[in-house]
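If you want the building blocks of each chain, they are given just below.
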Amino acid sequence: MPEPVEALPGLSLDTDQGLLQWISSVDHKQLGIMYLWTALAFMLVGGAEILLIRIQLAVPRNTFLGPEMYNELFTMHGTTMIFFVAMPAIFGFATYLVPLMIGANDMAFPRLNALSLWLTIFGGLLMYFSFLAGGAPNAGWFNYAPLNGYNYSSQPGIDYYCAGLLLGGIGTVSASINLIVTILRYRTAGMALHNMPVFVWMMLVTACLVIAAFPSLNAALAMLLLDRRLHAHFFEVHDGGSALLWQHLFWLFGHPEVYIVILPSFGILSEVFSVYSRKPVFGYVFIVGSGIAIGLLAFGVWVHHMFAVGLGNTANNFFAASSMLIGVPTGVKVFNWLATMRGGSIRFTTSMMFATSFLVEFTIGGLSGIAFAIVPIDLQLTDTYFVVAHLHYVLIGGTLFGLLAGLFYWFPKMSGRMLNERLSNWFFWLFVVGFNVTFMIQHVLGTLGMPRRVYTYPDLPGWGTLNLLSSIGGFLMGAAMLLLVYIIVQALRSGPRAGADPWDAYTLEWTTTSPPPLQNFDRVIPVASVRPFRDFKMPHDADHKEVGKRKGIYGK
Amino acid sequence: MANSALDTRLLMRLVVFTESLFFMALLVAFVFFSLAPGFRQQQLAALDLGRTGAFTLVLFSSSFTYWRVEASARRGATGALKFWLLATIALGTVFLLGQAWEFHGLFGRHIDLASNTFGTSFFTLTGFHGLHVLIGLIILSILAGLAFAGDYDRPGSSIFQAIGIYWHFVDIVWAVVFTVVYVLPHFSRF
Ligand code: HEM
Ligand SMILES: [Cu+2]
């Protein structure tokens, strides 16, 4: 373990011991922050990739990129965003916050924690090395057979896809196991499962999903490597292999994965809504219970990504019904958050603004998802830009908005500094407007029949204009991201001091200094409800005194 | 940072859980391919139920010897611990050598990973299990080295229970693989 320092340096990179202290760190706070920097760095790369693509698509019959480059860029964009932006960001928040929120001083296995981070980073770097090694992966982030086979892609890109994702995958699985052990065994006295913060609950469910879903991807990647390097025949159709097997294994991982990236955001939002509405989260038991239900259901719907494969009516109908079902707990959660806001004294900080707009954007994405679950509609719209619109409304309007709400909420804790609220508001509006301009239009493009993953398109009526608008929106989002980087750097340099508890919050992480010292807590305040810090600040009005009255809200 | 024995055991259980899902994926691939015509005939022609059955018994008995390791560790009986540990390593090694022998024979008959879907799925599944045995043997050897260096002279080390979860898991997986790959084709009618 590195030499203990008085206070951890927060988000900034310069410390007493310099870079070495970061590289050798096993402290969960530093590791969490490194996860977040990793996510931000890959976000800029993945963002640059998609801006190139939006230039290519801005006008019909464009030849800016050409088909090969286009394939590589959209593949790398999707893979990067899912595996090396969303996942590190989520595990960054979890690694940083879970021990603090449960009143522990570190994760259960600190060295394993460091190993997980570095596996993720090296996985990402390895995948990007493919650009230098003769060509990046080019078969889409889902990497369908037979396109992923040697006969269709003899460049090494897909081998790097397999190796990079395997490394990252092992890192993610080990981080999840570490989280599960930490959550189950390191909670402070008094923190029973039923008064754990919602974010911790959602991370528990997420970690369980990871260890159940990733083996199926890892196995598929290993099989594919054997196919490509040692001439095995898992997915080689002309040798008796099965292209469908890849799709089953991939989506058996891939569908749970979309819940792996959304559930942590649900957790973050529950904290944010509650604190900025000055109310306990409405229906704690339901929010947690439906999170678990979603986790279980997530494994029963993967075939809805394969309706167009032709598995037959029985299979399609079964999976259509199960997909509809998963919309129910998701939908009701939205009403829980609305009810949390209702009658509260709301503070519209940037964090709360992202949380509120999440409700709108995620609902749009959820509704298009339900539309896809209707098989005839899916057959019409699959592989069009409508899918692109759906997945971005849930991934950006859902996952990313949640993560941004979390960033604006916890940044003062992590760095000890406040972000510039006026600039943050600018960032919010630029990003939200850019996002809707980019993707709302793609619903229309998809309905008009524009296929996804084509590098150019004919000059059909309306297509050029709509695509141009979409590209302009994309560049607005790009500008917003640069502004975000500026806001963060500026706050780290010269932001006003935050103090331990700038938002008058409820959970344990706010009881320690900002940023927390190497040892998180000297003594943890007693925990008897979901809002221990509030109980501590207002002993007369403590939540646990009213358990009889509000039974079902706090559990117990 | 010190962890309690309970933490380490929970960690091991979770590792074993996710590994068994990995095996499940390989098994599904095997079963999926085995439904194709001609697969079962190759299976029956290529595999020697009796011989592999014997090596299977060797592997299972290593679970028994390992169980003695755990018991000796609990009692603090250092001598017995070293003996049973070496016995376990020996049995695991014999199993691996048996697998190498089998693979060698198949290669000689031009059955390998690249020959067809039987070769592909058979070598991947059993090879992946062999890899797990190998990893287990490495861990056990480290433990044996530490034991002879005197690290476990006092009772109370919980590491043997945690590793035991892994070693027994490797055995249980083999029970499933053996049944599906070697035994069932004799009973199915495809
Ligand atoms: C209300 C719940 C949801 C339902 C019923 C649903 C349904 C669907 C369906 C049927 C598809 C397949 C469309 C096609 O390819 O033809 C799809 C695609 C997709 N969904 Fe969802 N979805 C839901 C929520 C989510 C969430 C929460 C996320 C992520 C946070 C997500 C991410 C995606 C992605 C990434 C794809 C595209 C996969 C690809 O690349 O082909 N969905 N969804
Ligand atoms: Cu899905």
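As shown above, the structure is provided for reference.
Just so it is clear, the structure is predicted and the values come from calculations on it, not from any experiment.

(A) Representation of the overall build of chain B in the model. Scanning chain B from terminus to terminus reveals 6 helices and 0 strands. Starting at the N terminus, the α and β elements of chain B follow one another as α-α-α-α-α-α. By its C-alpha atoms, chain B is 60 × 30 × 25 Å across when sized along the principal axes. Burial status across chain B gives 49% buried among its 190 residues. Long-range contacts, defined here as pairs at least 24 residues apart, represent 80% of the contacts in chain B between residues at least 6 apart. Carbon and sulfur atoms provide 71% of the accessible area of chain B, an area that totals close to 8800 Å².

(B) Structural detail: the coordination of the iron atom of ligand 1. No protein donor other than His390 of chain A (NE2) coordinates the iron atom of ligand 1, and that contact is at 2.2 Å. Along the chain, His390 of chain A falls in helix 12 (residues 385-415).

(C) View of the interface of chain B and chain A. Of the residues lining the interface, 28 residues belong to chain B; the matching set on chain A comes to 31 residues. Summing both partners gives a buried area of about 2400 Å² for chain B against chain A, and 79% of it is carried by carbon and sulfur. Among the salt bridges present, the one from Arg185 of chain A reaches Asp7 of chain B, with a minimum N-O distance of 2.3 Å. Summed over the shared surface of chain B and chain A, the number is 5 residue pairs in polar contact (both at pLDDT 80 or more). The leading source of residues in the side of chain B that touches chain A is helix 1 (residues 5-34) of chain B, at 16 residues. Looking at the side of chain B that touches chain A residue by residue, the class counts come to 17 nonpolar, 10 polar and 1 charged.

(D) Local environment of the coordination of the copper ion (ligand 2). Residues and elements named next belong to chain A. Ligation of the copper ion (ligand 2) by protein atoms is provided by His255 (ND1), His304 (NE2) and His305 (NE2), these donors lying 1.8 to 2.1 Å from the ion. Sequence positions of the residues that donate to the copper ion (ligand 2) give the spacing H-x48-H-H. The metal-metal distance between the copper ion (ligand 2) and the iron atom of ligand 1 comes to 4.4 Å. With His255 in helix 7 (residues 243-277) and His304 in the loop between helix 8 (284-297) and helix 9 (313-341), this residue pair connects regions lying 49 residues apart in the sequence. We note that His255, like His304, is buried.

(E) Just the nonpolar core, in detail. Formed by 222 residues in total, the largest nonpolar core has its most connected members in Phe93, Phe427 and Phe431 of chain A together with Phe122 of chain B. A per-element tally of this core places helix 6 (residues 198-230) of chain A first, with 20 residues. Filtering out sequence-adjacent residues up to four positions away, Phe427 of chain A remains in contact with Phe354, Leu404, Phe408, Ala480, Met481, Leu483, Leu484 and Ile487 of chain A. Leu65, Tyr385, Leu445 and Leu466 of chain A belong to the second-largest nonpolar core, a separate cluster that totals 14 residues.

(F) Seen up close, the environment of Phe95 of chain B. One can find Phe95 of chain B in helix 4 (residues 78-108). Each C-alpha atom of the pair Phe95 of chain B and Arg68 of chain B lies 19 Å from the other, and the pair is 27 residues apart in sequence.

(G) Summary view of the environment of Ser153 of chain A. Residue and element names in this part refer to chain A. Examined against the element boundaries, Ser153 turns out to sit in the loop between helix 4 (110-129) and helix 5 (157-185). Classification of Ser153 by relative accessible area gives buried; the value is 4%. Measuring from C-alpha to C-alpha, the distance between Ser153 and Leu367 comes to 36 Å, with 214 residues separating the pair along the chain. If we ignore the near neighbours within four places in the chain, the residues touching Ser153 are Asn138, Leu147, Ile158 and Arg228.

(H) Layout of the side chain of Ser130 of chain A. With respect to the helices, strands and loops of the structure, Ser130 of chain A is situated in the loop between helix 4 and helix 5. With relative accessibility at 0%, the residue Ser130 of chain A sits in the buried group.

(I) Main features of the pattern of salt bridges. Residues and elements named next belong to chain A. Counted by the stated rule, this structure contains 11 salt bridges over all chains. Put simply, Lys537 and Asp504 hold a salt bridge, and the shortest N to O gap is 2.6 Å. Remark: Asp504 occurs in the loop between helix 14 (463-494) and helix 15 (532-537) and Lys537 occurs in helix 15; sequence separation between them is 33 residues. For Asp543, the salt bridge goes to Arg534, with nearest N and O atoms at 3.4 Å. You can call Asp543 buried: its relative accessible area is 0%.

(J) Broad picture of the site of ligand 1. Residue and element names in this part refer to chain A. Neighbouring ligand 1 are 26 residues; Trp141, Asp378, Thr382, His390 and Arg452 lie closest to it. One nitrogen or oxygen atom from the side chain of Asp378 is found 2.5 Å from an oxygen atom belonging to ligand 1. Of all the secondary-structure elements, those providing two or more residues to the shell around ligand 1 are helix 7, helix 9, helix 10 (350-373) and helix 12. Its residues assigned to classes, the shell around ligand 1 shows 16 nonpolar, 8 polar and 2 charged.

(K) Up close: the side chain of Ser351 of chain A. Residues and elements named next belong to chain A. Inspection of the secondary structure assignment puts Ser351 in helix 10. A polar contact is formed between the side chain of Ser351 and the backbone oxygen of Ala405, at a distance of 2.8 Å. For Ser351, the residues in contact, after removing those within four places along its chain, are Val272, Tyr276, Ala405, Phe408 and Tyr409.

(L) Fine view of the environment of Gln42 of chain B. Residues and elements named next belong to chain B. Its place among the elements puts Gln42 in helix 2 (residues 39-46). Its relative accessible area of 30% is what places Gln42 among the partly exposed residues. Considering only alpha carbons, one finds Gln42 and Pro185, 143 residues apart in sequence, at a separation of 10.0 Å. Not counting the four nearest positions on each side in its chain, Gln42 is found in contact with Asn116 and Phe118. Among the polar contacts made by the side chain of Gln42, one reaches the side chain of Asn116 at a distance of 2.8 Å.

(M) Looking closely at the packing of aromatic side chains. All names here are of chain A. Taken as a whole and judged by the stated rule, the model has 68 aromatic pairs over all chains. Considering the side-chain rings of Trp141 and Phe250, the 5.3 Å spacing of their centres and the 75° angle between planes classify their relative orientation as edge-to-face. With Trp141 in the loop between helix 4 and helix 5 and Phe250 in helix 7, the pair connects residues that are 109 residues apart, well separated along the chain. The same class applies to Trp141 and to Phe250, which are both buried. With centroids separated by 5.3 Å and ring planes inclined at 85°, the aromatic side chains of Phe354 and Phe401 adopt a geometry described as edge-to-face.

(N) Highlighting unusual backbone geometry. All names here are of chain A. Of note, the bond from Ala145 into Pro146 is cis; its omega dihedral lies within 30 degrees of zero at 0°. With respect to the secondary-structure elements, Pro146 resides in the loop between helix 4 and helix 5. Here Ser514 and Pro515 are connected by a cis peptide whose omega angle stands at -10°. Unlike most non-glycine residues, Arg61 shows phi in positive territory, near 55°. Tracing the backbone shows Arg61 in the loop between helix 2 (28-57) and helix 3 (67-101). Unusually for a residue other than glycine, His231 sits at a positive phi of about 60°.

Reading the values: the criteria
- Residues numbered from 1 in each chain as written.
- Chains lettered and ligands numbered in written order.
- Predicted model: local features only at pLDDT ≥ 70, side-chain atom pairs only at ≥ 80, totals over all residues.
- Heavy atoms only, no water.
- Helix = DSSP H or I, 4+ residues; strand = E, 2+ residues; numbered from the N terminus.
- Buried < 20%, exposed > 50% of the residue type's maximum accessible area, 1.4 Å probe, protein only.
- Contact = heavy atoms within 4.5 Å.
- Areas by Shrake-Rupley, 256 points an atom, 1.4 Å probe, with all protein chains shown as cover.
- Donors = N, O, S within 2.8 Å, 3.2 Å for Na, K, Ca; no water.
- Buried area = accessible area lost by both parts, 1.4 Å probe.
- Salt bridge = Lys/Arg side-chain N within 4 Å of Asp/Glu carboxyl O.
- Polar contact = N/O pair within 3.5 Å; in protein donor to acceptor, adjacent residues only side chain to side chain.
- Nonpolar A, V, L, I, M, F, W, Y, C, P; charged D, E, K, R; others polar.
- Core = buried A, V, L, I, M, F, W, Y, C linked by side-chain atoms within 4.5 Å.
- Near = heavy atom within 4 Å.
- Phe/Tyr/Trp six-rings, centres within 6.5 Å; stacked < 30°, edge-to-face > 60°.

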